[in-house]
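Examining the three-dimensional arrangement
Spelled out from the first residue to the last, the chains are:
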Amino acid sequence: MASIKPSPAGFPVEVETLIIGAGACGLVAALSAQEAGQQVLVLERDAYPSGSTALSAGLIPAAGTAAQAAVGISDDPVLFAADIQAKAQHQNDPELVDLMAREAAPVIDWLSDRHGLPFSVVADFDYPGHSRRRMHGLPTRSGRELVDALRGRAETLDIDILCDATVTTLFADDGEITGAGLARPDGTTEQIGCDRLILACNGFGGDREKVRMHMPQIDRALWFGHDGNKGDALDWGAALGAQTRHLGAYQGHGNVAHPHGVLITWAVITEGGIQVNCDGQRFWDESQGYSEAAQAVLAQPGGVAFAIFDARIAGIARQFQDFRDAEGQGAIRTADTIPGLAQELGLPELALREAVENRPQAGADAFGRRFDHPALSAPFCGVGVTGALFHTQGGLVVDQDARVLDTRNRPFPNLFAAGGAACGVSGRADSGYLSGNGLLSAVTLGRIAGRSSADRQRSANS
């Protein structure tokens with residue numbers, strides 16, 4: 001259990017900036033802090049940096065990047081911020097939204113130009129809620145590639161990453177963090193002092209009790225995040241008197257291959273695919289988004305559904321490593337006819353035919369969805385899916401420098417939070433999640449936290 005204790009008489013090891021968590025957030029924070037002249041140490045509970053980043057598609061939304069300009073996409077942070085707020089029904093702190101929207105493009109360009117990460121824009125399909133094509137990813141479109149690239153860059157720059165190090169205790173005096181205590185797999189413990197601490201240890205989706213408390217509607221969903229997301233940042237924040245917000249917010253996903261447990265990109269839906277239940281019937285407006293899809297799918301018989309698309313759409317989806325993995329595992333079924341696909345998936349033929357072929361030429365259908373893509377045609381594809389919880393979006397409240405605020409809205413002197421440890425910009429529930437919000441928070445607040453910690457040190461020394 002995470003705890004807060006008074007400082008010991010001294011620490012055997014001390015660093016300037018200590019970071020808890022070596023996912024995308026922690027590694028970006030480390031690169032940023034080192035660039036600002038800080039001595040950095042990253043602590044990671046796993047044997048190898050991974051986190052929720054490695055389980056994602058690794059896509060980061062940003063407006064006004066060089067990569068967008070290269071393919072003729074005109075975009076700007078004001079439009080991006082408006083999209084974020086519209087998806088969340090204006091439930092977010094507007095200053096935090098503006099901050100992330102403004103900082104996203106500089107982060108992508110910085111990671112590309114200074115650190116050599118080859119980002120490109122997903123330019124062949126749209127994500128719900130984004131009015132421009134602004135999702136940036138590495139070549140395989142996988143989070144594993146993203147976290148590996150960031151780790152490799154940190155190692156090249158001699159940034160220390162200590163793995164198999166589970167932080168159990170923060171040491172603090174009068175609200176100022178002085179260090180951390182950690183446990184090693186062999187049972188030994190260590191204490192490390194620090195001038196400032198960045199919490200980059202994600203959310204609490206891996207703690208079922210916390211999930212039941214704050215978001216009971218998604219409790220029975222498949223947990224598709226990192227098991228280390230136990231809410232340590234929340235526990236430490238509560239003990240310190242930190243402010244929290246939107247603890248009922250989360251990113252779900254209603255298109256995880258079942259029982260294979262592989263993410264199926266939502267492009268199979270946005271490009272004109274549909275979802276049907278075990279009776280072969282559609283049951284909702286799929287254009288709302290993949291986060292809302294989790295509850296919609298789980299409400300169906302058996303908590304499962306089927307994504308139905310065609311070979312044209314599969315060709316677009318193959319840019320994602322996860323989709324290719326699903327094909328390799330036999331999760332994606334294909335057939336030259338609708339009766340053949342119905343047999344492959346065990347669905348009623350007549351109902352499936354009705355679902356595939358009954359779409360309006362103009363206007364919205366009975367669920368309110370408008371179809372702007374070609375009708376599905378042979379060969380047809382399908383995959384069984386279920387609803388999943390990916391990560392939580394509520395957390396510690398931070399200011400414009402990513403400093404954690406207490407319940408009286410005052411910043412802690414040397415405590416920062418970013419990524420899943422901090423409150424994001426997804427409103428109060430699942431429907432406020434705009435594609436990429438998780439990594440948006442990770443990389444923007446991560447970079448800000450890294451450089452802000454250095455700015456604080458310079459101010460203290462001046």
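Residues numbered from 1 in each chain as written. Predicted model: local features only at pLDDT ≥ 70, side-chain atom pairs only at ≥ 80, totals over all residues. Heavy atoms only, no water.

1. With respect to the environment of leucine 240
Residue placement: leucine 240 occurs in helix H7 (residues 232–240). The class of leucine 240 is buried, set by a relative accessible area of 18%. Taking the C-alpha atoms as reference, leucine 240 lies 7.5 Å from isoleucine 4; in sequence the two are 236 residues apart. For leucine 240, the residues in contact, after removing those within four places along its chain, are Ile4, Ala172, Ile177, Phe412 and Leu415. (Helix = DSSP H or I, 4+ residues; strand = E, 2+ residues; numbered from the N terminus. Buried < 20%, exposed > 50% of the residue type's maximum accessible area, 1.4 Å probe, protein only. Contact = heavy atoms within 4.5 Å.)

2. Focus: helix H9 (residues 290–298)
Taking burial as the measure, the nine residues of H9 include eight buried ones, the bulk of the element. Among all positions of H9, only Tyr290, Ser291, Glu292, Ala293, Ala294, Ala296, Val297 and Leu298 are buried. Contact partners of the buried residues in H9: helix H3 (77–87), strand E13 (250–257), strand E14 (274–276), strand E15 (304–310) and strand E17 (380–392).

3. Notes on the nonpolar core
Among the nonpolar cores identified, the biggest contains 93 residues, and Leu18, Leu146, Leu150, Leu197, Leu199, Ile218 and Leu445 are the most heavily contacted of them. Top element by residues in this core is helix H4 (residues 94–113). It accounts for 10 residues. Residues within four places of leucine 146 in sequence aside, it is in contact with Ala24, Thr53, Gly58, Ile60, Leu117, Phe119, Leu138 and Leu439. One finds Ile274, Ile316, Ala317 and Cys381 within the second-largest nonpolar core, a separate group that totals 51 residues. (Core = buried A, V, L, I, M, F, W, Y, C linked by side-chain atoms within 4.5 Å.)

4. Focus: the packing of H3 against H4
When two helices pack together, you describe them by how their axes are tilted relative to each other and by the distance separating the axes. Here H3 crosses H4 at 135 degrees, and the two axes come no closer than 9 Å. Taken together, the axes of H3 and H4 lie oblique to each other. Here H3 and H4 pass one another in a crossing that is right-handed. Listed contacts from H4 to Pro77, Phe80, Ala81, Ile84 and Gln85 of H3 are Pro94, Val97, Asp98, Ala101, Arg102 and Ala104. Taken together, the residues that form the contact of H3 with H4 break down as eight nonpolar, one polar and two charged. (Axes fitted to C-alpha atoms, helices over the stretch in contact; angles between N-to-C directions. Parallel < 35°, antiparallel > 145°, perpendicular 65-115°, else oblique. Left-handed = near helix turned anticlockwise from the far one by under 90°. Nonpolar A, V, L, I, M, F, W, Y, C, P; charged D, E, K, R; others polar.)

5. Concerning the state of the cysteines
Per the stated rule, a full pass over the model turns up zero disulfides. A disulfide-free cysteine, cysteine 194 has its sulfur positioned 13 Å from the sulfur of cysteine 201, the nearest such atom. On the basis of relative accessible area, cysteine 194 is assigned to the buried category, the value being 7%. By relative accessible area, which is 16% here, cysteine 201 ends up buried. (Disulfide = S-S within 2.5 Å.)

6. Things to note about unusual backbone geometry
The peptide bond linking histidine 258 to proline 259 adopts the cis configuration, its omega dihedral lying at 10 degrees. Topologically, proline 259 is positioned in the loop between E13 and helix H8 (267–270). For the peptide bond that leads from alanine 378 to proline 379, omega is -5 degrees, which places it in the cis range. Within the secondary structure layout, proline 379 lies in the loop between helix H13 (349–357) and E17. Although it is not a glycine, histidine 90 sits at a positive phi angle of roughly 60 degrees. Tracing the sequence through the fold places histidine 90 in the loop between H3 and H4. By relative accessible area, histidine 90 is classed as exposed at 61%. Despite not being glycine, alanine 402 has its phi angle at roughly 65 degrees, a positive value. The residue alanine 402 is located in the loop between strand E18 (395–396) and strand E19 (403–405) in this model.

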